[in-house]
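Structural overview
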Amino acid sequence: MKTILITGGAGFIGSHVVRRFVNKYADYKIVNLDVLTYAGNLENLRDIDTKPNYEFVKGDINDSAFINELFEKYQFDGVLHLAAESHVDRSIADPMAFIMTNIVGTVNLLNGARRIWKSGNEGHRFYHISTDEVYGTLGETGLFLETTSYDPHSPYSASKASSDHLVRAYHDTYKLPIVITNCSNNYGPNQFPEKLIPLAIHNISQNKPIPIYGKGENIRDWLYVEDHAAAIDLVFHEGKDGETYNIGGHNEWTNIALIRQLCKTMDKKLGREPGTNEKLITYVKDRAGHDLRYAIDSSKIQRELGWAPSLQFEEGIEKTVDWYLANSEWLENVASGAYEKYYEKQYVTR
Ligand code: NAD
Ligand code: DAU
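Just so it is clear, the structure is predicted and the values come from calculations on it, not from any experiment.

Scoring rules and cut-offs
- Residues numbered from 1 in each chain as written.
- Chains lettered and ligands numbered in written order.
- Predicted model: local features only at pLDDT ≥ 70, side-chain atom pairs only at ≥ 80, totals over all residues.
- Heavy atoms only, no water.
- Near = heavy atom within 4 Å.
- Polar contact = N/O pair within 3.5 Å; in protein donor to acceptor, adjacent residues only side chain to side chain.
- Areas by Shrake-Rupley, 256 points an atom, 1.4 Å probe, with all protein chains shown as cover.
- Helix = DSSP H or I, 4+ residues; strand = E, 2+ residues; numbered from the N terminus.
- Nonpolar A, V, L, I, M, F, W, Y, C, P; charged D, E, K, R; others polar.
- Salt bridge = Lys/Arg side-chain N within 4 Å of Asp/Glu carboxyl O.
- Buried < 20%, exposed > 50% of the residue type's maximum accessible area, 1.4 Å probe, protein only.
- Patch = residues over 30% accessible without salt bridge, like charges linked within 9 Å, V, L, I, M, F, W, Y side chains within 5 Å.
- Axes fitted to C-alpha atoms, helices over the stretch in contact; angles between N-to-C directions.
- Parallel < 35°, antiparallel > 145°, perpendicular 65-115°, else oblique.
- Left-handed = near helix turned anticlockwise from the far one by under 90°.
- Contact = heavy atoms within 4.5 Å.
- Core = buried A, V, L, I, M, F, W, Y, C linked by side-chain atoms within 4.5 Å.

Let us now look at the site of ligand 2. Contacts to ligand 2 come from 23 residues, most closely from Thr131, Asp132, Tyr156, Arg287 and His290. For ligand 2, an oxygen atom lies 2.8 Å from a polar atom in the backbone of serine 86. Here a nitrogen atom of ligand 2 sits 2.9 Å away from a polar atom, N or O, in the main chain of proline 211. Protein contacts shield 94% of the accessible area of ligand 2, which totals 690 Å² for the unbound molecule. Take the shell around ligand 2: its biggest share by element is three residues, from strand β8 (residues 210-213). Residue composition of the shell around ligand 2, by class: nine nonpolar, eight polar and six charged.

Here it is, written out as structure tokens:
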């Protein structure tokens, strides 16, 4: 039996990864470490939380003494590190939590692994889950490769870039067995409604304005979250030591085209006249330092590990909308009072 630590497992992507590992690997004990910030929600894991190979530990990766004790106690064989502050707009409003969790928290975990694996790295792996935002922004053409220079622009992406460098430094300096992936924008069930797609779904269902930053011309490359979880599973088991793999959907959309598509899908689902939801689109003040375009070249993981996205975007969006409409209680529960205050501060209508 292997004992695997997954950090941030109560969040959006982490909960899909935890579910996949708990259901698929009965011979792994999965320990989900999460401090439960506003973004962490144990409701996301209700269907698997009584399984015998699953354990939840509430704790903060910023607490080095606690992390060292945890590694000593469980003697983890592997780590999948997803815990992070993840929202760009929050990083612009208040960078320090991002510096602490994304940089210092990552180093605490690296140190914890280094302490218990010093007798040998055989069978061990520290997997750091990162983002395409570390590469900065693209113009109208080109794709991010694993060799693209880092050029982050937001406090969030700078903190993730910093953590990527530290993970590689522990590999090169201490021979810690690591692997890193940099993924594009995820969407799907259980995403907190501060991110574009769930925020728009929430607002459309409540007939509230859909805020679009600037002119809506920024481009993102969208991937269904379960396709990301499948890639994570593959890289954890078959990725090469010390390597980086880019993960993306080859699925670029301007924000405005994506929102128009979502409006059409939701007109149908909600039985509204065609064109009704588009009237909710509202242009608001642009994000500071807003990156124009992200697009991933995922040919390395496709070629070397045989991964490919399984869902077309239209299908993925439909599944996502269906999930949010069927789980309106989940959505209302997370859209709590604290979230509303943040929301009012963030959105200044032009
Ligand atoms: P999320 O914000 O939904 O979840 C983050 C989780 O980490 C939450 O459960 C939170 O409680 C937990 N957490 C935060 N600070 C912690 C701390 N100090 N100690 C312990 N737990 C803590 O994030 P997500 O969107 O699921 O992203 C997960 C990871 O994937 C992040 O590292 C992010 O950078 C990366 N990523 C996200 C995307 C995306 O589109 N969402 C794309 C590529 C990479
Ligand atoms: O690229 C991967 C990254 O994708 C992850 O590393 C981040 O954790 C994740 O949050 C996401 O970052 P983005 O900034 O791209 O995602 P977000 O959903 O915040 O915004 C997507 C696009 O939509 C972006 O161009 C900003 C725009 N936007 C966003 C919001 C919240 C709007 O126009 N209006 C909005 O209200």
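This part is about the pattern of salt bridges. Per the stated rule, a full pass over the model turns up 16 salt bridges. We note a salt bridge from aspartate 47 to arginine 19, for which the minimum N-O separation is 2.8 Å. Of the two residues, aspartate 47 is situated in the loop between β2 (28-34) and β3 (54-58) and arginine 19 in helix α1 (residues 12-24); the sequence distance between them amounts to 28 residues. Taking the shortest distance from any N to any O, the salt bridge between arginine 287 and aspartate 89 comes out at 2.7 Å. Taken together, the positions of arginine 287 in the loop between β12 (281-284) and α9 (299-305) and aspartate 89 in helix α3 (residues 88-93) put the pair 198 residues apart, joining distant regions of the chain. In this pair, the class of arginine 287 matches that of aspartate 89, namely buried. A cluster of three or more residues bridged by salt bridges with shared partners is formed by Arg20, Lys24 and Asp233.

Together, Met96, Ile99, Met100 and Val104 line one region of the surface with nonpolar side chains, adding up to about 310 Å² of accessible area. With respect to the secondary-structure elements, isoleucine 99 resides in helix α4 (residues 96-116). Overall, isoleucine 99 belongs to the partly exposed group, its relative accessible area being 31%.

Viewed as axis vectors pointing N to C, α4 and helix α5 (residues 155-174) meet at an angle of 15°, and their least axial separation amounts to 8 Å. One finds that α4 runs roughly parallel with respect to α5. Crossing hand, α4 versus α5: right-handed. Residue-level inspection shows Phe98, Asn102, Ile103, Thr106, Val107, Leu110, Asn111 and Arg114 of α4 in contact with α5, the latter providing Tyr156, Ser159, Lys160, Ser162, Ser163, Leu166, Val167, Tyr170 and Tyr174. For the contact of α4 with α5, the class distribution of residues is nine nonpolar, six polar and two charged.

This brings us to the nonpolar core. Grouped together as the largest cluster of nonpolar side chains are 33 residues, with contacts concentrated most on Ile6, Val17, Phe21, Leu80 and Tyr127. For this core, the secondary structure elements donating two or more residues are β1 (2-7), α1, β2, β5 (125-131), β6 (178-183), α7 (225-238), β10 (244-247) and α9. The element that contributes the greatest number of residues to this core is α7, accounting for seven residues. One finds Tyr224, Leu258, Phe313 and Val334 within the second-largest nonpolar core, a separate group that totals 28 residues.

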